[in-house]
Amino acid sequence: MSKNVELKNTLNLPRTDFPMKADLPRREPEILAWWGRSNAYHGIRGARKGCPPFVLHDGPPYANGNIHLGQALNKILKDFVVKSRSMMGKDAAYVPGWDCHGLPIEHRVDKELGEAKAGMAPLEVRERCRKYAEHFIAVQREEFRRLGVLWDHRLDEEEERKGAPSRRAIYRTIDRTYEAEIVRQLGRFFEKGGAYFGEKPVHWCTSCRTALAEAEVEYRDRKDLSVYVRFPVRGLEQRVPALAGRRVSVVAWTTTPWTLPANLAVCLHPELQYVAVEEGGETYIVAEGLLPAVASALGWSGTTIAAAFRGRELVGEGKEWIGARAPLDRPYPAPSGPASGPGVLILGTHVTLDAGTGCVHTAPGHGAEDFHVGRLYGIPPFNPVGDDGRFLAERVGAPWLAGAFVLDANEPIVRDLEARGLLLRREEVAHTYPHCWRCKNPVIFRSTPQWFLSMEASGLREKAVAEIRRSSWLPAFGEERIAQMVATRPDWCISRQRTWGVPIPLVVCGACFPGAPDAFVRDRAFFEHLRKLFLAEGSDAWFGAPAAGGTVRPYAGREERLARLVPAGVTCPRCGKRDRLEFQEHIVDVWFESGVSHSAVLGRDASLPWPADLYLEGHDQYRGWFHSSLLVAVNDRESAPYRGVLTHGFTLDGEGKKMSKSLGNAISPIDVAEKRGAEILRLWVSQVDFLEDMRLSDEILDRNAEAYRKIRNTFRYLLGNLDGFDAARDSVPYPEMEEIDRWALHQLEALRRRILSAYEGHQYHVVYHALHNFCGVTLSSFYLDVLKDRLYTASRRSPARRSAQTVLYRLAADLARLMAPVLCFTADEVWQEIEALHGRPKWGEATVHAALFPEPLAVPDDPALLERWDGLLRIREVVSKALEGARAAKRIGGSLEAKVRIEAPEETVAFLRTFGDEVRFLFLTSGVEFGPAGEDALRSEAIEGMRVEVLRADGEKCGRCWSYTTDVGRDAALAEVCSRCAAVVREIAGLREPA
RNA sequence: GGGCCUAUAGCUCAGUUGGUGAGAGCGCACGCCUGAUAAGCGUGAGGUCGGUAGUUCAAAUCUACCUAGGCCCA
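Residues numbered from 1 in each chain as written. Chains lettered and ligands numbered in written order. Predicted model: local features only at pLDDT ≥ 70, side-chain atom pairs only at ≥ 80, totals over all residues. Heavy atoms only, no water.

Caption draft 1: Local environment of the packing of aromatic side chains. Counted under the stated rule, the structure contains 34 aromatic pairs. Ring centres of phenylalanine 189 and phenylalanine 592 lie 5.8 Å apart, and the angle between their planes is 65°; on these two criteria the pair is classed as edge-to-face. Taken together, the positions of phenylalanine 189 in helix H8 (residues 176–191) and phenylalanine 592 in helix H17 (residues 590–595) put the pair 403 residues apart, joining distant regions of the chain. The pair phenylalanine 189 / phenylalanine 592 is uniform in exposure class, with both members buried. Among the aromatic residues, those joined into a ring-pair cluster are Phe190, Phe197, Trp451, Phe513, Phe520, Phe526 and Phe527. Taking the ring centre of phenylalanine 520 as reference, the NZ or CZ of arginine 522 above it sits at 4.6 Å. Directly above the ring of phenylalanine 583 sits arginine 561, whose terminal nitrogen or CZ lies 4.4 Å from the centroid. (Phe/Tyr/Trp six-rings, centres within 6.5 Å; stacked < 30°, edge-to-face > 60°. Helix = DSSP H or I, 4+ residues; strand = E, 2+ residues; numbered from the N terminus. Buried < 20%, exposed > 50% of the residue type's maximum accessible area, 1.4 Å probe, protein only. Lys NZ or Arg CZ within 6 Å of the ring centre and 35° of its normal.)

Caption draft 2: View of the packing of helix H22 (residues 698–720) against helix H27 (residues 824–837). Running from amino to carboxyl end, H22 crosses H27 at an angle of 5°, the nearest separation of the two axes being 11 Å. Classified by the angle between their axes, H22 and H27 sit roughly parallel to one another. Between H22, through Tyr708, Arg712, Phe715 and Leu719, and H27, the contact on the second element is made entirely by Thr826, Glu829, Val830, Glu833 and Ile834. (Axes fitted to C-alpha atoms, helices over the stretch in contact; angles between N-to-C directions. Parallel < 35°, antiparallel > 145°, perpendicular 65-115°, else oblique. Contact = heavy atoms within 4.5 Å.)

Caption draft 3: Seen up close, the nonpolar core. Core analysis: the largest hydrophobic core is formed by 153 residues, its most contacted members being Leu147, Tyr783, Leu811, Leu815 and Phe923. A total of 16 residues in this core trace back to one element, the largest contributor, which is helix H25 (residues 764–793). Non-local contacts of leucine 811, meaning those with residues more than four positions away in its chain, are made with Leu718, Leu748, Phe774, Leu779, Tyr783 and Ala816. With 80 residues, the next largest nonpolar core counts Tyr178, Trp451, Ile468 and Leu533 among its residues. (Core = buried A, V, L, I, M, F, W, Y, C linked by side-chain atoms within 4.5 Å.)

Caption draft 4: Region of the structure containing the packing of helix H21 (residues 678–687) against H22. At a minimum axis distance of 9 Å, the contact between H21 and H22 shows a crossing angle of 100°. Regarding the angle of H21 to H22, the classification is roughly perpendicular. Contacts between H21 and H22 pair Glu679, Ile680, Leu683, Trp684 and Gln687 from the former with Ile700, Leu701, Asn704, Ala705, Ala707 and Tyr708 from the latter. Grouping the constituent residues of the contact of H21 with H22 by class yields eight nonpolar, two polar and one charged. (Nonpolar A, V, L, I, M, F, W, Y, C, P; charged D, E, K, R; others polar.)

Caption draft 5: Representation of the sheet that holds strand E13 (residues 344–347) within the structure. Strand order in the open sheet formed by three strands is E13-E9-E14, and the pairing between neighbours is mixed. Because the sheet does not close on itself, it has two edges, and the strands there are E13 and strand E14 (359–362). Taking the axes of each pair of neighbouring strands and ignoring which way they run, one obtains an average angle of 35° across the sheet. Sheet topology places strand E9 (residues 265–268) next to E13; four bridges connect them, and they run parallel. Its bridge partner being in E13, leucine 268 is matched across the sheet by leucine 347. (Pairing = 2+ DSSP bridges.)

Caption draft 6: Molecular detail of the side chain of threonine 847. Tracing the sequence through the fold places threonine 847 in the loop between H27 and helix H28 (863–888). By relative accessible area, threonine 847 is classed as buried at 5%. Dropping the residues within four chain positions of it, threonine 847 is found in contact with Trp34, Trp35, Ala40, Ile44, Asp828, Trp831 and Gln832.

Caption draft 7: The arrangement of the confidence of the model for chain A in detail. When pLDDT is averaged along chain A, the result is 89; 94% of the residues meet or exceed 70. pLDDT under 50 marks residues 326–341. Its contacts with residues more than four places away, or in other chains, come to 44 contacts. For this predicted complex, the interface confidence reaches an ipTM of 0.97, while the overall pTM sits at 0.89. (pLDDT = per-residue confidence, 0-100.)

Caption draft 8: Quick peek at H27. Between its first and last C-alpha, H27 extends 20 Å over 14 residues, near the 20 Å set by a 1.5 Å rise per residue. When you tally the buried positions in H27, you get 13 out of 14 residues, the bulk of the element. At the exit of H27 stands glycine 839, carrying a positive phi of roughly 80°. (Expected span 1.5 Å × (residues − 1).)

Caption draft 9: Local environment of the environment of alanine 476. Among the structural elements, alanine 476 can be located in the loop between strand E17 (472–474) and helix H14 (477–488). Distance from alanine 476 to isoleucine 305, taken between C-alpha atoms, is 54 Å for residues 171 residues apart in sequence.

Caption draft 10: Inspection of the pairing of E9 at higher detail. Of the two faces of E9, the one holding Ala265 and Cys267 and the one holding Val266 and Leu268 are both buried throughout. Sheet analysis places E9 next to E14, joined by four bridges and oriented antiparallel. Looking at E14, one finds that leucine 268 is bridged to cysteine 359.

Caption draft 11: Main features of the sheet that holds strand E29 (residues 898–903). With respect to topology, four strands assemble into an open sheet ordered E30-E29-E32-E31, the strand pairing being mixed. Each edge of the open sheet is held by one strand with a lone partner, namely strand E30 (927–930) and strand E31 (938–939). Across two bridges, E31 lies against strand E32 (residues 947–952) in antiparallel orientation. Bridge assignment links arginine 939 to a residue of E32, and that residue is arginine 947.

Caption draft 12: A look at the pairing of strand E16 (residues 444–453). The buried fraction of E16 amounts to eight of the 10 residues, a majority that puts the element mostly inside the structure. With 10 bridges joining them, strand E5 (residues 195–205) and E16 adopt antiparallel strand pairing. From the neighbouring strand, proline 201 faces E16, where its bridge partner is serine 447. Here two bridges tie E16 to strand E18 (residues 492–493), and the two strands are oriented antiparallel to one another. Paired with leucine 453 across the two strands is tryptophan 492, which belongs to E18.

Caption draft 13: Region of interest: the pattern of salt bridges. Overall, the coordinates contain 76 salt bridges when judged by the stated rule. Between glutamate 479 and arginine 469 there is a salt bridge whose closest N-O contact spans 3.0 Å. Taken together, the residues glutamate 479 in helix H14 and arginine 469 in helix H13 (residues 460–470) connect sequence positions 10 residues apart. By relative accessible area, arginine 469 is classed as partly exposed at 41%. A salt bridge links lysine 842 to glutamate 833; the nearest nitrogen and oxygen atoms lie 3.1 Å apart. Overall, the relative accessible area of 13% leaves glutamate 833 in the buried class. (Salt bridge = Lys/Arg side-chain N within 4 Å of Asp/Glu carboxyl O.)

Below is the structure:
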């Protein structure tokens, strides 16, 4: 054995089982398994039993497909919230949810079934959809779990195994308890008179044959046939004498010629200027501001203006309407109703000069604004189009249109107009047009019988806005955003003509309805009866009765259905009879379903109270879940379901572009977890400011993996130097510590405060930056680097070394907890090592997540200490620069080969002298002396009058501590080492000190 | 087309009510160490604060417009 090895054996080098290589893809699943085995969720909740509850109520992702990055981000953020609130001393339950009903799943099932679906009973289709949803809940459950998101996994597995129809560990909108709550909440609207039946143009997908919510419509570019059409008008001379004796037409422009058969009016703006121009013997009326554009489009030249007037002057505001005949001439019929007769000219403020002619073709059955303006004039919507998008023979005036698909009817309609001399121009236009989010086909506006929830009937709008004001919104602009939406949104169309959803219990009287549109059942007893029925059997009870083997068979007939669904005594509110009651088949908008979640999930026990403390979703949910949940809660309880709402931005690629599968720039969170580890993804979530949109790319993941390694290595070093340290036995009291150790404790305390307040305010990126900076700068490059000499060379049990270890222990134990919500796996790895230091088994019962955040350190305020060390660090920077100069000049290699001579103002020298001999260790040099510096000394820019010269260290290198000293070999028995080391070696070897 | 939001070094973030030459960490380059070693340390180079025009003695910070991007609507 060589001398060097022997000397090395007298050092206290780091030793730990905590590996440098994280191997996260392998290790994380092991830790997950341990959390499962040890029932960590229960351990955590148990540790907080009786503590004030904190409820983050989970917004349910849709149970379709693998999770994407945005969902991963959302759930990881929620996990940060839940874990950090728990460590703050709150009993933080977490019940994740899934949104299971709706079109996307029904579509997938439709595709799988193909032709077979046509012959299938609703119950069969629903069963397929349920299986589909359950499959993807299982997929997503594992994926979220893999990311470290914690909930009651054990109970979840148990309920899943049993196939429980309702769950407690998670919630599903297909749970019976949930469906029962949906019916109850519908009843709350119906019984208050907030629900009504009406005709309304809605986005209608002719392929899916259903009304679509705004959220189900997406806008894409499309080419269509656009036309300029003239509407001959008579009687205008009564208003504008200059038009007497002329053949006058108003000119309108439309990109949907197929809606012309439903035209009932032409709309002008009351305040805009219009002109009547002469062209080829005809007189045309268009908005003055659009005349150049129209003239150019129609090839007019040298037109003369016959008259000019405002819309108001031409149309008048009374009921003596001016007839505007055009497409309304034969073969199209005139509708009956208050505005029966030929089409008319009307006024509307929605008319703009953005495009067209300023005279707007108006079909109240096919447009939202048309509908509204029609209502003002008492013109009811007229819709000649069936639910398959084909003209209805009994309604459309032209027999040759009957059965034609609307989008294919443009051409024949235009040809017909042309033949009758009404067409002024046709052209292709590219424009954005609504499409079905699911089948991607263009959708149409079509007035249909639907069910609505009124925003006004019971003051819902007003109360909802007031509740928005009472809630807290982060970021702050969210409050205005949702308040504006609620203030201006139309009534809520809740009916959908599909199969996979919760039925709206609609029972109308065949005798009275729809002549009397309020002739439908809305008794409280009826909804209560259905609630109980759904609770017992699920919403399938609407379609059939329980049969053998837990299946459901369709009702034999109306009588059986009536007997089961409508309690005795419930009758038509109009005629009081029961014998004509009929069932309507509508399911409820899925936004209503998810809007019920707060009531279905919260309030069932004291640790899960209603309302929630926090909702946390992407900022698209102002229009979605925050909104629907608010309306349901306000209607039911006159209160918002949340105290606070936090939103995050969207995940974008490295260039700030939207991620999408088709662009090929999407990053799969599970891929990241499997290749790099969930911790890397979690670290990314923690480092970005999630209030804004966030970018992710491979480069960014690389950066995070590097940051992770830095943090991990810092822990490895802390733990390595705690080998054999027993905090209870070996800790050194604060007053007896080395000064730099006391300084380090103050740094830790400052960090603790900073991180805790960051958690409090959901500023996880502050947690990250503070932690990472602390590990890299405060610890690794300074404190731990300086400490090496003491930790390695001082005697194992010496007070000096114990003083350092006392701090290292605090650092490890506190930092592990401070980072636990973010690096949830690694924190537990560290925690297990700390358990071992206490003589307890690793991977026993204790998870770091059941611990509380560190208490404030009992360190006295000492601003002088901090200022003193700030000063030292500034000087150390100058010394480092000087050393680097010497290194570059090849005069030294390692800094221990050097001593520095410092020339500085008296006060600076005096300051440095207060550190005594310690100062050479702080500079990592073998010596520091004061006095005039030589020619090539480095002049400090920061400190006036300071110069630092680097010289070769005096003496020889000690074979043990590697410092250069003049006393190496003074102890003849230990010729290789300095006196300082000699004393330690003698102590270890049990040798007496030399005389 | 409308409303709201965002734009500081390669990356992620700081930049208090406009006021000394714009900061940090990481990355990068160069070098050191080989007793944290697929680690550790040091030094250095990187930004006309998205662009333009204003307000002001003074703007990354205020105003207008433009560009790029995001969300929600039409």
